[in-house]
Amino acid sequence: KIHNKMDSFTQRMGMLQEKMFLKPPAPEQRLKPWTSADIAKFAASNPKAGADLNTLRNAGVLTGIGGLASAGLGGAFFSSRPGTVNGKIFSAVLGSIGSGLVGYLVWTNITTFTHGTYKIDPSKTNVAWQTWWRKNGGAGGLMYEY
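Keep in mind that this is a model prediction, so the values were computed, not measured.

Observations concerning helix α5 (residues 122–138)
And step 1. An ideal rise of 1.5 Å per residue puts 24 Å on 17 residues; α5 reaches only 20 Å between its terminal C-alpha atoms.
And step 2. Those residues of α5 lying buried are Thr125, Trp129, Trp132, Trp133 and Gly138.
And step 3. Where α5 is buried, its residues contact α2 (36–45) and α3 (47–79).
And step 4. Just downstream of α5 lies Gly140, where phi reads positive at about 80°.

A word on a nonpolar patch on the surface
And step 1. A grouping of Val85, Ile89, Val93 and Ile97 is seen on the molecular surface, where their side chains present a nonpolar patch of about 390 Å² in accessible area.
And step 2. Topologically, Ile89 is positioned in helix α4 (residues 85–114).

Focus: the pattern of salt bridges
And step 1. The full count for this structure, using the stated rule, is one salt bridge.
And step 2. The partner of Asp52 in a salt bridge is Lys48, and the shortest N-O contact between them spans 2.8 Å. Linking Asp52 with Lys48, this pair stays in helix α3, spanning four residues, or about one helical turn.
And step 3. With relative accessibility at 12%, the residue Asp52 sits in the buried group.

Looking at the side chain of Thr112
And step 1. With respect to the helices and strands, the residue Thr112 is situated in helix α4.
And step 2. On the accessibility criterion, Thr112 (18% relative accessible area) is buried.
And step 3. Non-local contacts of Thr112, meaning those with residues more than four positions away in its chain, are made with Thr117 and Tyr118.

Digging into the packing of α2 against α5
And step 1. Following both chains from N to C, one finds α2 and α5 inclined at 105°, their axes separated by 11 Å at the closest point. Taken together, the axes of α2 and α5 lie roughly perpendicular to each other. Across the interface between the two elements, Asp38, Ile39, Lys41, Phe42 and Ser45 from α2 touch Ala128, Trp129, Trp132 and Trp133 from α5.
And step 2. In the contact of α2 with α5, the residues fall into six nonpolar, one polar and two charged.

Analysis parameters
- Residues numbered from 1 in each chain as written.
- Predicted model: local features only at pLDDT ≥ 70, side-chain atom pairs only at ≥ 80, totals over all residues.
- Heavy atoms only, no water.
- Helix = DSSP H or I, 4+ residues; strand = E, 2+ residues; numbered from the N terminus.
- Expected span 1.5 Å × (residues − 1).
- Buried < 20%, exposed > 50% of the residue type's maximum accessible area, 1.4 Å probe, protein only.
- Contact = heavy atoms within 4.5 Å.
- Patch = residues over 30% accessible without salt bridge, like charges linked within 9 Å, V, L, I, M, F, W, Y side chains within 5 Å.
- Areas by Shrake-Rupley, 256 points an atom, 1.4 Å probe, with all protein chains shown as cover.
- Salt bridge = Lys/Arg side-chain N within 4 Å of Asp/Glu carboxyl O.
- Axes fitted to C-alpha atoms, helices over the stretch in contact; angles between N-to-C directions.
- Parallel < 35°, antiparallel > 145°, perpendicular 65-115°, else oblique.
- Nonpolar A, V, L, I, M, F, W, Y, C, P; charged D, E, K, R; others polar.

The structure is reproduced here in structure tokens:
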């Protein structure tokens, strides 16, 4: 009886590990790194999903830049407040984190409308890309190969 309980516990913990991404993906599930040329080939073979993928990538870059710029401005502003050096550093770090988060969220909303990402299903686009990449030489990457 104890052995069966232990097997059940191990099974549940294994499922929990997979759901929490604590277990590395199986070798057949891994993907090799890709380049912009690979994405261009994907866009040529699958025009709708390719255009959606490029739109999501461009919106993501703009969102990241907006978040970083906001973090830098927030850190600069809060470090200019009067006080001790330690207080300025602490204020700059907290201001940078808070401003970066707000900037990221604001730019996410901006790109939603400027790039039309509200019309795109990112999950469907990702599945289409990963399926195509596995079939066209992207399967079997090494762990943490970037």
